[in-house]
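Coordinate analysis (summary)
Here's the letter readout for the chains.
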Amino acid sequence: MSQILNYLREDFLKYASSEKSKILARFFKTAPGEYGEGDKFLGIIVPDIRRVAKKYYEKLELDMVQCLISSGFHEERLLGLIILILKYKKSTDKYKKNIFNFYLKNIKYINNWDLVDITAPHIVGNFLADKDKNVLYSLAKSKNLWARRIAILSTFFDIRQEKFDEALKISDVLLNDKEDLIHKAVGWMLREIGKRDKKKLEKFLQPRYKNMPRVMLRYAIEHFPYEERKKYLLGSIPCKD
């Protein structure tokens, strides 16, 4: 097991850059008091992470993936999570359940927005597509910021299948969340609904938009015509029956 991980890490570190690590640390807000406080970076970009993931994912069991996902380096956690997605896509239904449960047990390591956004729709959203979704509501009510983001981003899978009800219900749960990263995530998912069914989004917004966080509303109505966006932001959209 350790030998395979040693080979993987040797390959992986070939792509590391101290210059890029400083840029990524600033980008992902790692200063004291910021959402990514204390995270460490190797300076490896996503295309290179995906390249290594594709090379090794078939050789790694979940206990080896665990070593990556629990790493102190952001890119190693992302590498482990991308490997998990690749393994999930190639798995039987029984093994997909194992991966889903493994993912949920490791939420404490899925601790930045990119780690959530890349994985949640492909694993949690996909697995729950034809199942009870109570776990999403538990996640949406969690004290963990990233668990709440996983809850709403997981609905992206359904949204892409033109199924919007769960996303709207989770959005309602998160409507008064205090975190800007949740406001943006909910607004993003609402915008994706609006791209597919504008009337459905409008029906959701009209009784709520005046009390929504401003960022959430701006994201949600981003593709509306200018004059319509202006009315929403000024609070002058009349309620419809």
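Residues numbered from 1 in each chain as written. Predicted model: local features only at pLDDT ≥ 70, side-chain atom pairs only at ≥ 80, totals over all residues. Heavy atoms only, no water.

What about the overall build of the chain?
Helix and strand content of the chain: 15 helices and zero strands. Structurally, the chain occupies a C-alpha span of about 65 × 40 × 30 Å along its principal axes. Per-residue burial over the chain gives 51% buried out of 241 residues. Within the chain, counting contacts between residues at least 6 apart in sequence, those at least 24 apart form 69% of the total. When the accessible surface of the chain is totalled, it reaches about 12,500 Å², and 51% of it is carbon and sulfur. (Helix = DSSP H or I, 4+ residues; strand = E, 2+ residues; numbered from the N terminus. Buried < 20%, exposed > 50% of the residue type's maximum accessible area, 1.4 Å probe, protein only. Contact = heavy atoms within 4.5 Å. Areas by Shrake-Rupley, 256 points an atom, 1.4 Å probe, with all protein chains shown as cover.)

A closer look at the domain arrangement of the chain
We note that the domain assignment places domain 1 (1-110) and domain 2 (112-240) within the chain. Here the C-alpha centre of domain 2 lies 27 Å away from the C-alpha centre of domain 1. Counting residues at the interface gives 24 residues for domain 1 and 21 residues for domain 2. For the pairing of domain 1 and domain 2, the buried interface totals around 2,000 Å² over both sides, and the portion due to carbon and sulfur atoms is 77%. Among the residues of domain 1 in contact with domain 2, Tyr35, Phe100 and Tyr103 are the three that bury the most area, contributing 29% of the side total. For the interface between domain 1 and domain 2, the tally reads zero salt bridges. Elements with a contribution of two residues or more to the side of domain 1 that touches domain 2: helix H5 (74-89) and helix H6 (93-105). No other element matches H5, which puts nine residues into the side of domain 1 that touches domain 2. Here the side of domain 1 that touches domain 2 is composed, by residue class, of 16 nonpolar, two polar and six charged. (Domains from an automatic or database assignment. Buried area = accessible area lost by both parts, 1.4 Å probe. Salt bridge = Lys/Arg side-chain N within 4 Å of Asp/Glu carboxyl O. Nonpolar A, V, L, I, M, F, W, Y, C, P; charged D, E, K, R; others polar.)

Describing the packing of helix H1 (residues 2-13) against helix H4 (residues 62-69)
Where H1 contacts H4, the two axes come as close as 11 Å, and the packing angle between them is 40°. Relative to H4, H1 is oriented oblique. For the pair H1 and H4, the sense of crossing is right-handed. In this structure, H1 uses Ile4, Leu5, Leu8 and Arg9 to contact H4, whose residues at the interface are Met64, Cys67 and Leu68. For the contact of H1 with H4, the per-class residue count stands at six nonpolar, no polar and one charged. (Axes fitted to C-alpha atoms, helices over the stretch in contact; angles between N-to-C directions. Parallel < 35°, antiparallel > 145°, perpendicular 65-115°, else oblique. Left-handed = near helix turned anticlockwise from the far one by under 90°.)

Here we look at the pattern of salt bridges
Inspection of the entire model under this criterion finds 16 salt bridges. Two residues, Arg149 and Asp117, come together in a salt bridge whose shortest N-O distance is 2.7 Å. Here Arg149, found in helix H9 (residues 145-154), pairs with Asp117, found in helix H7 (residues 113-127); they are 32 residues apart in sequence, far enough to count as distant. Residue Arg149 shares its accessibility class with Asp117, and that shared class is buried. When the shortest N-O distance is used, the salt bridge between Arg196 and Glu192 registers 2.9 Å. Separated by four residues within a single helix, Arg196 and Glu192 lie in helix H12 (residues 180-196), roughly one turn from each other. A relative accessible area of 7% means that Glu192 is categorised as buried. The network of salt bridges with common partners includes Asp11, Lys14 and Lys55.

Things to note about the environment of Leu5
Positionally, Leu5 belongs in helix H1. We classify Leu5 as buried; its relative accessible area is 4%. Sequence separation between Leu5 and Glu222 is 217 residues, and the spatial gap between their C-alpha atoms is 44 Å. Setting aside its immediate chain neighbours within four residues, Leu5 contacts Leu60, Met64, Cys67 and Leu68.

Description of the environment of Asp197
Relative to the helices and strands, Asp197 is located in the loop between H12 and helix H13 (198-205). Spatially, the C-alpha atoms of Asp197 and Phe164 are 9.1 Å apart, while their sequence positions differ by 33 residues. Within polar-contact distance, the side chain of Asp197 engages the backbone nitrogen of Lys200 at 3.0 Å. (Polar contact = N/O pair within 3.5 Å; in protein donor to acceptor, adjacent residues only side chain to side chain.)

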